[in-house]
Amino acid sequence: MTEKGYNPYITAQTQFDNVADIIGLDQSVREFLRQPSHEYHFTIPVKMDDGTTKVFNGYRIQHNDARGPAKGGIRFHPHETIDTIRALSMWMTWKCAVVDIPLGGGKGGIICDPHNLSKGEQERLCRGFVRQLGRNMGPVIDIPAPDVMTNGQHMLWMMDEYEVIFGGRYPGVITGKPVGMGGSLGRTEATGYGVIYTLREALKTLNVDITSTTASIQGFGNVAEYAARLYTSMGGKVIAISCWDQQDNKAYTFRNSNGLDIEQMVSIKDSFGTIDKYKAQELGCEILDGGEWIAQDVDILLPCALENQITPETFAKISQQVKIICEGANGPTTLESDELIKARNIYLVPDFLCNAGGVTCSYFEQVQCNMNYFWTKEEVLEKLDDKMTAAFWAVHKLAQDKNLYMRDAAYVIAINRVAKAVKLRGWV
Ligand SMILES: NC(=O)C1=CN([C@@H]2O[C@H](COP(=O)(O)OP(=O)(O)OC[C@H]3O[C@@H](n4cnc5c(N)ncnc54)[C@H](O)[C@@H]3O)[C@@H](O)[C@H]2O)C=CC1
Ligand SMILES: O=C(O)CCC(=O)C(=O)O
């Protein structure tokens, strides 16, 4: 999914190169870490309901597994590209490292639009993905999870296919499974809640009371929904939310300057995170162009949809009131826009720190599956908050001490940890 020529892989590599320069990373380690270690590209033939067979393209990219098995989601998206998945796999390595969990980075995708696939076709697609990748994934190799347009049901079909092929029960092969089927309580909430744990701490550093703040959000899928829920439960007010409307093939922004009722908005969205515009109108929302979410007079922007959304062009619309950007999505900011954020002195909580709650809870899911003993939701969320808060303060402190941009500070911590693992293993 590239926007107007922005290539996320070039973004990810440039971000890495800049920090490799800052920390004086060895040339060999640099060369090793600036690209994925394994890339799988395969075709998945699927019997469609109408009797025809359609062939889909699937990818799984493992960037690095020096600190533990590769870990990261699988996307279903019609415009997914191999370079986006490469970038996402790199960001997963840094994400697991910055929150200090013993996992590496990977990411996968199938080029498809699940809006146009029946349940049966989706199941056969999931099973086909595992049939192609099976020997190169697994609890000690590479563990997928849900991401854009994939969910717990998809994960369960994948786990089941893996278990059929390898003959046994392997709940650690995949995370984000439904609760009761090896899933962890709190995984659904984890990414969005993690975003707000880091926002809560960022507001502390600025001495701003969350109850006095307003926010605008891009996206209303898994990440955005739970971010909005926790933020409003802490007293913040969400003024605007934007989402993609598949029928109209465009995005809309839904605004209520007095604050949107998040539970009501959740009740009128579908499983893909699309808000019903007719019902939203009945609820008194103004309906604006999709790009308007970024132009609102709010204190906080929460990009929680896709990459490449904060470009120099859209940055120009950001209100002077904005104090914080928390990147719920992966890679929402282009390289040029990072310079603009720095110049405007907006506090940035960078993606691979901000949205690390999901993978952290996935790690907890694996730990619970290994024990075959499952924690209460309170226990999971408490551990999640501890991990996210500790990671946030480590990055914030380094940024302060070394006068670094928050994204660079997060990279310094993550790259140093991964480089150490690579060297200790004697790989480079
Ligand atoms: N689900 C997870 O646990 C994690 C997800 N992420 C990242 O967070 C982002 C969102 O992921 P999910 O919430 O899981 O996906 P999702 O598929 O549940 O929701 C995506 C949302 O983005 C909206 N959207 C798509 N294109 C848009 C556009 N042009 N303008 C406005 N809205 C648009 C969709 O309508 C939907 O509401 C992605 O970048 C993903 O990689 C990061 C960490 C973990
Ligand atoms: O839960 C996971 O393993 C991965 C989540 C993910 O894909 C991400 O953080 O971008």
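Residues numbered from 1 in each chain as written. Chains lettered and ligands numbered in written order. Predicted model: local features only at pLDDT ≥ 70, side-chain atom pairs only at ≥ 80, totals over all residues. Heavy atoms only, no water.

### Re helix H6 (residues 187–205)
Consideration 1: Over its 19 residues, H6 extends 28 Å from the first C-alpha to the last, a length consistent with the 27 Å expected when each residue adds 1.5 Å.
Consideration 2: Within H6, 15 of the 19 residues are buried, leaving the element largely enclosed by the surrounding structure. (Helix = DSSP H or I, 4+ residues; strand = E, 2+ residues; numbered from the N terminus. Expected span 1.5 Å × (residues − 1). Buried < 20%, exposed > 50% of the residue type's maximum accessible area, 1.4 Å probe, protein only.)

### Quick look at the site of ligand 1
Consideration 1: Within the structure, ligand 1 sits among 26 residues, and Arg75, Thr191, Phe220, Gly273 and Asn330 are positioned closest to it.
Consideration 2: The contact in question runs from an oxygen atom of ligand 1 to an N or O atom on the side chain of Asp147, over 2.9 Å.
Consideration 3: When the free accessible area of ligand 1 is taken as 830 Å², the share hidden by the protein chains comes to 90%.
Consideration 4: Residue assignment for the shell around ligand 1 shows that the elements contributing at least two residues are H6, helix H7 (222–233) and strand E7 (237–245).
Consideration 5: If you tally residues by element for the shell around ligand 1, the top one is E7, at 3 residues.
Consideration 6: Among the residues forming the shell around ligand 1, the class breakdown is 12 nonpolar, 10 polar and 4 charged.
Consideration 7: For the shell around ligand 1, the two domains that each supply at least three residues are domain 1 (37–169) and domain 2 (188–349). (Near = heavy atom within 4 Å. Polar contact = N/O pair within 3.5 Å; in protein donor to acceptor, adjacent residues only side chain to side chain. Areas by Shrake-Rupley, 256 points an atom, 1.4 Å probe, with all protein chains shown as cover. Nonpolar A, V, L, I, M, F, W, Y, C, P; charged D, E, K, R; others polar. Domains from an automatic or database assignment.)

### Some remarks on the domain arrangement of the protein
Consideration 1: Domain parsing of the protein yields domain 1 (37–169) and domain 2 (188–349).
Consideration 2: Contact with domain 1, which involves 12 residues of that partner, is made by 6 residues of domain 2.
Consideration 3: When domain 1 packs against domain 2, the two sides together hide about 780 Å² of surface, and 55% of this comes from carbon and sulfur.
Consideration 4: Put simply, domain 1 and domain 2 have 1 salt bridge between them.
Consideration 5: Linking Glu307 and Arg75 is a salt bridge whose minimum nitrogen-to-oxygen distance equals 3.3 Å.
Consideration 6: At the surface where domain 1 touches domain 2, the tally comes to 3 residue pairs in polar contact (both at pLDDT 80 or more).
Consideration 7: The greatest single-element share of the side of domain 1 that touches domain 2, amounting to 4 residues, is contributed by helix H3 (residues 82–98). (Contact = heavy atoms within 4.5 Å. Buried area = accessible area lost by both parts, 1.4 Å probe. Salt bridge = Lys/Arg side-chain N within 4 Å of Asp/Glu carboxyl O.)

### Brief notes about the sheet that holds strand E3 (residues 70–76)
Consideration 1: The strand order across the open sheet built from 5 strands is E1-E2-E4-E3-E5, with neighbouring strands paired in mixed fashion. Looking along the sheet, the strands with just one partner apiece sit at the ends: strand E1 (38–47) and strand E5 (142–146). For this sheet, the mean angle separating the axes of adjacent strands, direction not counted, is 20 degrees. (Pairing = 2+ DSSP bridges. Axes fitted to C-alpha atoms, helices over the stretch in contact; angles between N-to-C directions.)

### A few points about the packing of helix H14 (residues 377–402) against helix H15 (residues 406–424)
Consideration 1: Contact geometry of H14 with H15 gives a least axis separation of 8 Å together with a crossing angle of 115 degrees. In terms of their interaxial angle, H14 and H15 are classed as roughly perpendicular. H15 is crossed by H14, and the crossing has right-handed handedness. For the pair H14 and H15, contact is made by Phe392, Ala394, Val395, His396, Leu398 and Ala399 and by Met406, Ala409, Ala410, Val412 and Ile413, respectively. (Parallel < 35°, antiparallel > 145°, perpendicular 65-115°, else oblique. Left-handed = near helix turned anticlockwise from the far one by under 90°.)

### A word on the nonpolar core
Side chains of a nonpolar character, in soluble globular proteins, are inclined to be buried together.
Consideration 1: Membership of the largest hydrophobic core comes to 90 residues, with the highest contact counts inside it found for Trp94, Val98, Phe220, Ile275 and Leu302.
Consideration 2: Here this core gets 12 residues from one element, more than from any other, and that element is H15.
Consideration 3: Both domains that meet at this core, namely domain 1 (37–169) and domain 2 (188–349), each give it at least three residues.
Consideration 4: Sequence-distant contacts of Val98, that is, excluding residues within four places in its chain, are made with Phe352, Leu353, Ala391, Val395, Ala410, Ile413, Ala414 and Arg417. (Core = buried A, V, L, I, M, F, W, Y, C linked by side-chain atoms within 4.5 Å.)

### Here's the deal with the UniProt feature "site: Important for catalysis" (unreviewed entry) in the protein
Consideration 1: When the UniProt feature table is mapped onto this chain, "site: Important for catalysis" (unreviewed entry) is found at Asp147.
Consideration 2: The residue Asp147 is located in the loop between E5 and helix H5 (152–166) in this model.
Consideration 3: Taking the relative accessible area as the measure of exposure, Asp147 reaches 19% and is therefore buried.
Consideration 4: Among all residues touching Asp147, those that are not within four sequence positions of it are Gly73, Ile74, Arg75, Lys107 and Asn330. (UniProt positions renumbered as here; feature names shortened; annotations may be inferred.)

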